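Summary of structural features
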Amino acid sequence: MKVRFAPSPTGYIHVGNARAALANWLFARQKGGQFLLRLDDTDTERSKPEYARAIEEDLRWLGLDWDEFLRQSDRTARYEAAAEKLKALGRLYPCLESEEELEFKREQRRRQNKPPVYDRAALRMTPEQLAKAEANGKRPYWRFKLSGGEAAWRDMVLGDRRVKLPALSDPVLVRADGTFLYTFTSVVDDLETGITHVIRGEDHVTNTGIQLDIMGALGMGREIRFAHLPLLVDAEGAPLSKRLNSVSLRQFRRDGIEPAALAGYLAALGAPRDPVPAMPADLVAGWSLEGLSRSAARFDPRQMLALNRKYLHGLDFAAVRDRLPPEATEAFWLAVRGNLDTLGEAKDWLDVVEGDILPSEQPEEADFLRAALACLPEEPWNGDTWSRWTAELAGRTGRKGRLLFWPLRRALTGEEHGPDLKALLPLIGRERAVQRLTASAG
Ligand code: GLU
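About the criteria used
- Residues numbered from 1 in each chain as written.
- Predicted model: local features only at pLDDT ≥ 70, side-chain atom pairs only at ≥ 80, totals over all residues.
- Heavy atoms only, no water.
- Helix = DSSP H or I, 4+ residues; strand = E, 2+ residues; numbered from the N terminus.
- Expected span 1.5 Å × (residues − 1).
- Buried < 20%, exposed > 50% of the residue type's maximum accessible area, 1.4 Å probe, protein only.
- Contact = heavy atoms within 4.5 Å.
- UniProt positions renumbered as here; feature names shortened; annotations may be inferred.
- Near = heavy atom within 4 Å.
- Polar contact = N/O pair within 3.5 Å; in protein donor to acceptor, adjacent residues only side chain to side chain.
- Areas by Shrake-Rupley, 256 points an atom, 1.4 Å probe, with all protein chains shown as cover.
- Nonpolar A, V, L, I, M, F, W, Y, C, P; charged D, E, K, R; others polar.
- Pairing = 2+ DSSP bridges.
- Axes fitted to C-alpha atoms, helices over the stretch in contact; angles between N-to-C directions.
- Salt bridge = Lys/Arg side-chain N within 4 Å of Asp/Glu carboxyl O.
- Parallel < 35°, antiparallel > 145°, perpendicular 65-115°, else oblique.

1. What about helix 17 (residues 421-441)?
Taking 1.5 Å as the rise per residue, helix 17 with 21 residues should run 30 Å; its terminal C-alpha atoms sit only 19 Å apart, a clear shortfall. Taken together, the buried positions of helix 17 are Leu421, Leu424, Leu425, Ile428, Gly429, Arg430, Ala433, Arg436, Leu437, Ser440 and Ala441. Looking at the packing, one finds that the buried side of helix 17 touches helix 12 (330-336), helix 13 (345-354), helix 14 (366-374), helix 15 (385-397) and helix 16 (401-413).

Right, here's the structure in full:
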């Protein structure tokens, strides 16, 4: 069993690719198979080494690894050999029409209410005509001659699927400059590298029809199973493909999303169970390709953030120590972790605990805050100090609930909401508490 994740290094990995990467990886790890990372970099103009590097980095960040790695740009000789084979079979034919000519033909067919499918005029070109054009400096590009009928397969997610080949134009597999298109290189690689299952997005369904036909022509006689992951839509139900840059792994990482939150969320898209934040290795057992729904899956960043929060709330100090400012102690972490959306916010609470924050002035609470100062216990402080102090203060002022706590919170933290003051107060310490209560009283 062998699967592959095959991104094109023409941009950063977004949630759509990441879901495919994770599904392939989980499937391989579940079945004891191999996972190949293949860079589909035959588009030499748009492929960039920095994207290739970023893809590897982002996949590692997400907790994925690979057993094998290859670049399509290293395999040109293999594609040339396969193309020669198709030419010999008469399934790959040279074309000379320009993009303008093709557009003109498509327009004509549309006007006649016919589907704008390529008319295969190039098949009627004689060797002499081709030789003459080449002598004049023209170079042909090459189309694959699709067979008639249907390409059908039993999709592991979508069920029985078929693509009517006569409704499609013969695809270009080789450009005039001799470079190959993904449709073709992917087939050659999938066959030659021993791929047994292709798991990818639903946007590739038509490709699968075409690629099955190419596989048949290459006659390598190995059956590859396909699984297409349903389209991702945003919270409003619109296809996510429109705004893929805003959902790149880079951006999530910058925004402080934890890989476990993203992985847990992606693994649960279309699955019959609620997401749990976990790294891919811990998701293997509970995940099933066949259990995925056939309908579009909703990707809602708010749900992912909720998962991020849940994950942080359960993390031990040891798991985050390296990523917190060095002054952060275990007591600090336990006090604030329940209030974080992202780990980066811990820094803001550290400022609240030991920085020079300026609490808002509350002149209308001046008497109350002075009373609070007057009964502020002496140090040492511990987890009981807050309740001892506020019980005393409640007795003196007759206040309770929000009227009692809120002015104290605002004075001590400068914030209206936040971690439990029982845990925060001993971290703030008496000296700062006195300064802040005094300043807030005005
Ligand atoms: N390079 C293709 C893409 O990024 C791969 C699709 C596939 O998995 O075959 O869309």
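2. A closer look at the UniProt feature "domain: Aminoacyl-tRNA synthetase class I anticodon-binding" (unreviewed entry) in the chain
Under the UniProt annotation, the feature "domain: Aminoacyl-tRNA synthetase class I anticodon-binding" (unreviewed entry) is placed at residues 361-439. A distance of 7 Å separates the end C-alpha atoms of residues 361-439, which is 68% helix and 0% strand.

3. Focus on unusual backbone geometry
Here glutamate 379 and proline 380 are connected by a cis peptide whose omega angle stands at 5°. Turning to its location among the elements, proline 380 is positioned in the loop between helix 14 and helix 15. For asparagine 113, which is not glycine, the phi dihedral falls at a positive 60°. Structurally, the position occupied by asparagine 113 is in the loop between helix 4 (99-111) and helix 5 (127-135). Despite not being glycine, arginine 120 has its phi angle at roughly 60°, a positive value. With respect to the helices and strands, the residue arginine 120 is situated in the loop between helix 4 and helix 5.

4. What to know about the site of the ligand
The environment of the ligand is made up of Arg4, Ala6, Ser8, Asp40, Tyr182, Ser186, Arg200 and His204. Within the side chain of serine 8, an N or O atom sits 3.1 Å from a nitrogen atom of the ligand. The separation between an oxygen atom of the ligand and a polar side-chain atom of tyrosine 182 is 2.5 Å. When the ligand sits alone it has 290 Å² of accessible area, and the protein chains cover 80% of it. When grouped by side-chain class, the residues that make up the shell around the ligand number two nonpolar, three polar and three charged.

5. A word on the sheet that holds strand 3 (residues 68-71)
Across the sheet, which stays open at both edges, the three strands sit in the order 1-2-3 with parallel pairing between neighbours. Strands with a single pairing partner mark the edges of an open sheet, and in this sheet they are strand 1 (2-5) and strand 3. Between one strand axis and the next, the sheet turns through 25° on average, direction left out of account. For strand 1 and strand 2 (residues 34-39), the ladder comprises four bridges, and the chain directions are parallel. Bridge pairing in strand 2 places phenylalanine 5 opposite leucine 37. Contacting strand 1, strand 2 and strand 3, helix 2 (residues 49-61) runs over the sheet at an angle of about 155° to strand 2. With respect to the sheet, helix 6 (residues 182-192) is in contact with strand 1, strand 2 and strand 3, its orientation differing from that of strand 2 by roughly 150°.

6. Remarks on the pattern of salt bridges
All told, the structure shown has 35 salt bridges when counted by the stated rule. Arginine 91 is paired through a salt bridge with aspartate 213; the nearest N and O atoms lie 3.4 Å apart. Of this pair, arginine 91 sits in the loop between helix 3 (76-88) and strand 4 (92-95) while aspartate 213 sits in helix 7 (residues 205-218), and the two are 122 residues apart along the sequence. With respect to burial, arginine 91 and aspartate 213 carry one shared label: buried.

7. Brief notes about the packing of helix 3 against helix 6
Contact geometry for helix 3 and helix 6: axes closest at 10 Å, N-to-C directions at 105°. By the angle between their axes, helix 3 is roughly perpendicular relative to helix 6. For the pair helix 3 and helix 6, the contacting residues are Arg78, Tyr79, Ala82, Ala83 and Leu86 in the first and Phe184, Thr185, Val188, Asp189 and Glu192 in the second. In terms of residue class, the contact of helix 3 with helix 6 is built from six nonpolar, one polar and three charged.

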